[in-house]
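Spelled out, the chains give:
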Amino acid sequence: MTETTRRDEIAAGLAEVEASIAEACRAAGRAREELTLIAVSKTYPASDVRLLAALGVTDVGENRDQEASAKVRECAGLDLTWHFIGQLQTNKARSVVGYADVVHSVDRPRLVTALSQEAVRAGREITCLVQVALDGDPGRGGARPADVAALAEALAAAPGVRLGGVMAVAPLGEEPGRAFARLREIAQVMRDAHPGADVISAGMSGDMSEAIANGATHLRVGTALLGRRKPLVR
Ligand SMILES: *Cc1c(COP(=O)(O)O)cnc(C)c1O
C-alpha cells in the first residue's frame, strides 16, 4: 500500500470542497467567482498552510491570536490574506491588527474603538465584519440583530477600519438554511445603508451549500480541507 502524503490528503480535501462548491453554485445559479474560500487552519501547522498555498488557496482563517500570530510569521512570503474569525478581546486588538487583513468577529462598540485605534497606530486599514448572533444570544460571540446597524455605523465612521459586511455561524439546532436566510436579510439592510459592505461570511464544512444558496460570499472551511481537529485542551 502506498503511503498517502499530507500534500495528497490536502489536495483531495480541496478537490472535494471545490466539487461541493461547484455543485452548490450550479444549484443556486451562482458563479464560483462570487465566492472566496477561506481555509481555516486553526490547530494545524504552518506547513499545512504552505501546502494549501501551493495548491492555490489564497485566504486563511484563524480564531486565536497567539496561534495565529506565530503561524503568520512562519508563513512569511506566501502573500496570503489572513482572516481573524474568533472571539476577540480588546487587549488582543493590537496584535491582531498587525497581521489580519479581515476581522470577521466585530460584535461590540469597544472592539470597534480598539481596532480603529490600533489600525491607525499601525498605519493599516482593516476590513471588519459585524458578527451576528443569529440565535439572538450574544454569549458565544456576535451581536444581537437589533444591534447590527449601530455597529455598522460605528465601523463606517471610524478611521483605520473599513466596514466589509456581516459574518455568522449557524446556530446549533436550527436548519442552517433558515438561519442564513435571516443573515441575508440583515446583510441587505446593511448594504442599503452602506453600499460597499457586500461581504456575507457564512458557511463552514457542514453547511456550505445552505450558505451558498443564501448569498454567502466567503466560506470558512476547516475540517473538510484539513481533517477533524483534535479536541482543544486549553
Ligand atoms: C473553526 C471555525 C470554522 C471552520 O469550521 P469547520 O466546521 O471545521 O469547517 C468556521 N468558522 C469559525 C468561526 C470557526 O471557529
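Residues numbered from 1 in each chain as written. Predicted model: local features only at pLDDT ≥ 70, side-chain atom pairs only at ≥ 80, totals over all residues. Heavy atoms only, no water.

**Student:** Would you mind showing me how to read the site of the ligand here?
**Tutor:** The immediate surroundings of the ligand are formed by V40, K42, I85, M167, M204, S205, R220, V221, G222, T223 and R229. Within the side chain of K42, a nitrogen or oxygen atom sits 2.7 Å from an oxygen atom of the ligand. Contact between the ligand and R220: a nitrogen atom at 2.9 Å from a side-chain N or O atom of the residue. For the ligand, whose unbound accessible area comes to 390 Å², protein coverage reaches 87%. Along the lines of polarity and charge, the residues of the shell around the ligand split into five nonpolar, three polar and three charged. (Near = heavy atom within 4 Å. Polar contact = N/O pair within 3.5 Å; in protein donor to acceptor, adjacent residues only side chain to side chain. Areas by Shrake-Rupley, 256 points an atom, 1.4 Å probe, with all protein chains shown as cover. Nonpolar A, V, L, I, M, F, W, Y, C, P; charged D, E, K, R; others polar.)

**Student:** What am I meant to see in the UniProt feature "domain: Alanine racemase N-terminal" (unreviewed entry) in the protein chain here?
**Tutor:** According to UniProt, the feature "domain: Alanine racemase N-terminal" (unreviewed entry) maps to residues 30-228 in the numbering used here. Counted over residues 30-228, helix gives 39% and strand 19%. Its end C-alpha atoms are 29 Å apart. (UniProt positions renumbered as here; feature names shortened; annotations may be inferred. Helix = DSSP H or I, 4+ residues; strand = E, 2+ residues; numbered from the N terminus.)

**Student:** When you look at the pairing of strand β6 (residues 161-167) in this model, what are you seeing that I'm missing?
**Tutor:** With six of seven residues buried, β6 is to be regarded as a mostly interior element. When strand β5 (residues 126-131) meets β6, the two strands line up parallel, connected through six bridges. Bridge pairing in β6 links V130 to V166. In this region the chain leaves β5, passes through helix α6 (residues 148-157) and returns to the parallel neighbour β6; the handedness of that crossover is right-handed. With three bridges joining them, β6 and strand β7 (residues 199-201) adopt parallel strand pairing. Following the sheet pairing, M167 is matched in β7 by S201. Following the chain from β6 across helix α7 (residues 176-193) to the adjacent parallel β7, one finds a crossover that is right-handed. (Buried < 20%, exposed > 50% of the residue type's maximum accessible area, 1.4 Å probe, protein only. Pairing = 2+ DSSP bridges. Right-handed = clockwise from strand over helix to strand, strands pointing away.)

**Student:** Is there a simple way to explain the UniProt feature "modified residue: N6-(pyridoxal phosphate)lysine" (unreviewed entry) in the protein chain in this structure?
**Tutor:** Within this structure's numbering, the places UniProt gives as "modified residue: N6-(pyridoxal phosphate)lysine" (unreviewed entry) are K42. By secondary structure assignment, the location of K42 is in the loop between β1 (36-40) and α2 (46-54). In this structure, K42 is in contact with G61, E62, N63, E67, K71 and R229, ignoring residues within four places of it in sequence. (Contact = heavy atoms within 4.5 Å.)

**Student:** Whenever I open this one, helix α1 (residues 6-28) confuses me. Can you help?
**Tutor:** An α-helical turn contains 3.6 residues, so any two residues separated by three or four positions project in the same direction. Spanning 23 residues, α1 covers 33 Å between terminal C-alpha atoms, matching the ideal 33 Å at 1.5 Å per step. Elements in contact with the buried residues of α1: β1, α2, α8 (208-213), β8 (218-221) and α9 (223-226). A positive backbone phi angle near 65° is found at G29, which sits one or two residues after α1. (Expected span 1.5 Å × (residues − 1).)

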